[in-house]
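Tertiary structure, described
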Amino acid sequence: MEKDLLQSRKDLLMKHKVPAHIAVIMDGNGRWAKKRSLSRIDGHSAGIDTVRRIVRLAGEMGIGYLSLYTFSSENWNRPMGEVMGIMKLLAETVKKEVPELNKNNVRLKTIGDISGLPRKSRSALIDAIELTASNEGLTLILALNYSGRDEILRAVRTIAERIENDTLNSDEITPEVIESSLDTAGMPDPDLLIRTSGEYRLSNYLLWQLAYTELWITDIMWPDFSESDFLDALESYSGRERRFGMTSQQITTVSGVVKKYLFKGEKT
Ligand code: IPE
Ligand code: IPE
Ligand code: MG
């Protein structure tokens, strides 16, 4: 019964607006574990089960990009045991999940500076990225050793080097040049940002790319986040009017061409 309901909500959503890119701040693993007298690492393990469910559903729904905030640059400041536990889980999970990713036609990518990750985690990621590179369904992006400010800083350095090499003039720096220097080059900006565990902040995630993203925040902890919660977020999104600084009237009367530009990549 519940399954039928999920299916019909899914079908209905897919007939209307499906975001091209959904970004997620997966938060609350630690609090979920604490409430159950489990270790924080048990919380992260439980969070991986949620990732599996949501990746499958996003793929089935034809969502183009799903970017998951997995480990921030600031998370290195956590106790060493937790950091190492997360890195171990990451290496094991990425390795184990490759067949499932291939079965579901999911292409894996990362954003963030993965050169800063321990060798085993980094090599598992590089292998999985290569082994899934030709998949054409969902692109799953894991943000690892990621911070929005660090990403912008690295992009500024890349642009400065081009100016030093005389391959770019300063008056040629456009938003497109900046975008193509970010880790997310070639990906559409997120249409929707989901954050779990009830925190109302961005925590240094995708600072450039979230400029006009719709936000959806829930008190649910990430390990408890279900398919039905994901559909709640999509239903909320589908009922919103994105105005991009314009008036409501302009939005309802703009031509198809303008709409296509504004809602880049989104399936309408
Ligand atoms: C999110 O859950 C996972 C990571 C940041 C790696 P948390 O570990 O932040 O969980 P809380 O916020 O402490 O509950
Ligand atoms: C954001 O969660 C980072 C990830 C989900 C990987 P945090 O738990 O680190 O965020 P803050 O510290 O509460 O802002
Ligand atoms: Mg947290």
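The preceding data block contains the structure.
The structure contained in this document is the topic of the report that follows.

Reading guide: rules and limits
- Each chain has its residues counted from 1, running along the sequence as written.
- As a convention, the first chain written is A and the first ligand written is 1, with the rest following in written order.
- Only residues with pLDDT of 70 or above have their local features reported here, since the model is predicted, and side-chain atom pairs are shown and tallied only from 80 upward, although totals for entire chains, interfaces and linings are computed over all residues.
- By convention in this description, side-chain values take in all heavy atoms of the structure and omit both hydrogens and water.
- The criterion for a residue being near a molecule or strand is simple. One of its heavy atoms has to lie within 4 Å of it.
- We call two N or O atoms a polar contact when they sit within 3.5 Å, provided that within protein one can donate a hydrogen and the other can accept it, with sequence-adjacent residues counted only if both atoms are side-chain atoms.
- The method behind every accessible area is Shrake-Rupley, applied with a 1.4 Å probe, and residues are considered shielded solely by the protein chains displayed.
- Note on definitions: the grid is 1 Å and covers protein atoms alone; a cavity is a set of points where a 1.4 Å probe fits but cannot get out; a pocket is an open set with protein on both sides within 12 Å along at least five of seven lines; lining residues have an atom within 4 Å of a point.
- Here the criterion for a molecule occupying a pocket or cavity is that more than half of its atoms lie within 2 Å of the pocket grid points.
- Secondary structure elements are defined from DSSP: runs of H or I of at least 4 residues count as helices, runs of E of at least 2 residues count as strands, and each element is numbered from the N terminus.
- Amino acids outside the nonpolar list (Ala, Val, Leu, Ile, Met, Phe, Trp, Tyr, Cys, Pro) and the charged list (Asp, Glu, Lys, Arg) are all regarded as polar, and Gly is one of them.
- Strands were regarded as paired on the criterion that DSSP finds at least two bridges between them.
- Note on method: axes are straight lines fitted to C-alpha atoms, helices fitted across the in-contact stretch only, with angles between N-to-C directions ranging 0 to 180 degrees.
- In what follows, salt bridge is the name for a side-chain nitrogen of Lys or Arg lying within 4 Å of a carboxyl oxygen of Asp or Glu.
- Throughout this description, any angle smaller than 35 degrees is read as roughly parallel, any larger than 145 degrees as roughly antiparallel, any in the 65 to 115 degree range as roughly perpendicular, and the remainder as oblique.
- By definition, any crossing whose near helix is turned counterclockwise from its far helix by less than a right angle is left-handed, and any crossing with a clockwise turn is right-handed.
- Residue contacts are counted whenever heavy atoms from the two residues lie within 4.5 Å of one another.
- Only protein chains enter the area calculation, which uses a 1.4 Å probe; residues under 20% of their type maximum are buried, those over 50% are exposed, and those in between are partly exposed.

1. Thoughts on the site of ligand 2
Ligand 2 sits among Ile-25, Met-26, Asp-27, Tyr-69, Thr-70, Phe-71, Ser-72, Asn-75, Arg-78, Arg-195, Arg-201 and Ser-203. Contacts to ligand 2 include Asp-27, whose side-chain N or O atom sits 3.2 Å from an oxygen atom. Contact between ligand 2 and Arg-201: an oxygen atom at 2.8 Å from a side-chain N or O atom of the residue. Out of a free accessible area of 390 Å², ligand 2 has 79% covered by protein chains. In this structure the site holding ligand 2 corresponds to the largest pocket. Top contributing element to the shell around ligand 2 by residue count: strand S2 (residues 65-72), with four residues. When the residues that make up the shell around ligand 2 are grouped by side-chain class, the tally is four nonpolar, four polar and four charged.

2. What to know about the sheet that holds strand S6 (residues 214-217)
Taken together, six strands build an open sheet; the order of strands is S3-S4-S2-S1-S5-S6 and the sheet is parallel. If you trace the sheet from one side to the other, it starts and ends with strand S3 (107-111) and S6, each paired once. On average, each strand axis in the sheet is inclined to that of its neighbour by 20 degrees, with strand direction left out of account. Both S2 and strand S4 (residues 139-146) contribute to a ladder of seven bridges, which runs parallel.

3. Some words on the pattern of salt bridges
Under the criterion given, the structure shown has 21 salt bridges. In this structure, the salt-bridge partner of Arg-52 is Asp-49, at a minimum N-O distance of 2.9 Å. In this pair, Arg-52 and Asp-49 are both assigned in helix H3 (residues 40-60), three residues apart and thus about one turn of the helix distant. The shortest N-O distance in the salt bridge between Glu-97 and Arg-52 comes to 2.8 Å.

4. Quick notes on the packing of H3 against helix H8 (residues 227-238)
Contact geometry of H3 with H8 gives a least axis separation of 10 Å together with a crossing angle of 50 degrees. Comparing the axis directions of H3 and H8 gives the class oblique. Like other packed secondary-structure pairs, H3 and H8 cross with a definite hand, here right-handed. Here Arg-53, Ile-54, Leu-57 and Ala-58 of H3 come into contact with H8, specifically with Glu-227, Phe-230 and Leu-231. A per-class count over the contact of H3 with H8 returns five nonpolar, no polar and two charged.

5. Describing unusual backbone geometry
Glycine aside, residues mostly have negative phi, and peptide bonds are mostly found in the trans state. The phi dihedral of Asn-105 is positive, around 65 degrees, even though this residue is not glycine. Along the chain, the position of Asn-105 falls in the loop between helix H4 (80-103) and S3. Owing to a relative accessible area of 33%, Asn-105 belongs among the partly exposed residues under this scheme. Residue Asn-204 is not a glycine yet carries a positive backbone phi of 70 degrees. Structurally, the position occupied by Asn-204 is in the loop between strand S5 (192-195) and S6.

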